[in-house]
Amino acid sequence: MPLDEDVVAAIYRDHGPALRRFVLSASRDPQFAEDVVQETVLRVWQQAPEITGSLRSYLFRTARNIMIDNYRKAQRRPAEATEREFADPAEAVERVDELLNRVLMEEALLRLSSEHRDVLVALHYRRFTVNEAAVQLNIPSGTVKSRAYYAVRALRTILDEMGVER
């Protein structure tokens, strides 16, 4: 059963700009980005999937799949007929995967408590040692280790709930 038009309009309004930025970062073609965003929202509207995880991560995965489908369609056509091509297709797919992982990780990190998030950001993104993180966060180094352990466990649970596959 299709979704209500108001729900679809809300999805487009709430997630459209982020989806557009995601596709633009991979293709650099504004018209292509708009087409992919519209196709993504259209698929959600027509199929009304049972989304168990995050709606945003579902939308990003759908957009990624649409970009890959478009690339494959372009490969079946003669070279003269293609209008949009990535500089290096393998690199483009890799870049899309990297961007999708980054978006999903940001969303998952936002679901962590601030104490756990601060420790993970200090250790894994800023590349601090345990002692440097302890000084930066003004907590004992043993607390940094403990919070890091429990933060990673919580992050795994959140990513599982979001439907992220390892």
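Here we summarise the structure given alongside this text. (Residues numbered from 1 in each chain as written. Predicted model: local features only at pLDDT ≥ 70, side-chain atom pairs only at ≥ 80, totals over all residues. Heavy atoms only, no water.)

The backbone of Arg127 sits at a positive phi, close to 60 degrees, despite the residue not being glycine. Along the chain, Arg127 turns up in the loop between helix 5 (114–125) and helix 6 (130–137). The backbone phi angle of Asn138 is positive, close to 60 degrees, even though this residue is not glycine. Tracing the chain through its elements places Asn138 in the loop between helix 6 and helix 7 (141–161). (Helix = DSSP H or I, 4+ residues; strand = E, 2+ residues; numbered from the N terminus.)

Attention shifts here to the environment of Asp35. Position of Asp35 relative to the elements: it lies in helix 2 (residues 30–47). Each C-alpha atom of the pair Asp35 and Arg20 lies 9.3 Å from the other, and the pair is 15 residues apart in sequence.

This part covers helix 3 (residues 55–76). Over its 22 residues, helix 3 runs 32 Å from end to end, which matches the ideal 32 Å to within 8%, given 1.5 Å per residue. Taken as a whole, helix 3 has its buried residues at Ser57, Tyr58, Leu59, Phe60, Thr62, Ala63, Ile66, Met67, Ile68 and Ala74. (Expected span 1.5 Å × (residues − 1). Buried < 20%, exposed > 50% of the residue type's maximum accessible area, 1.4 Å probe, protein only.)

Next up on the list: the packing of aromatic side chains. Scanning all chains against the criterion turns up two aromatic pairs. Geometrically, the ring pair formed by Phe22 and Phe60 is edge-to-face, given 4.8 Å between the ring centres and 65 degrees between the ring planes. Remark: Phe60 occurs in helix 3 and Phe22 occurs in helix 1 (residues 5–27); sequence separation between them is 38 residues. Given a relative accessible area of 5%, Phe22 falls into the buried group. Ring geometry for Tyr149 and Tyr150: centres 5.0 Å apart, planes at 80 degrees, overall edge-to-face. The exposure class assigned to Tyr150 is partly exposed, which follows from its relative accessible area of 44%. (Phe/Tyr/Trp six-rings, centres within 6.5 Å; stacked < 30°, edge-to-face > 60°.)

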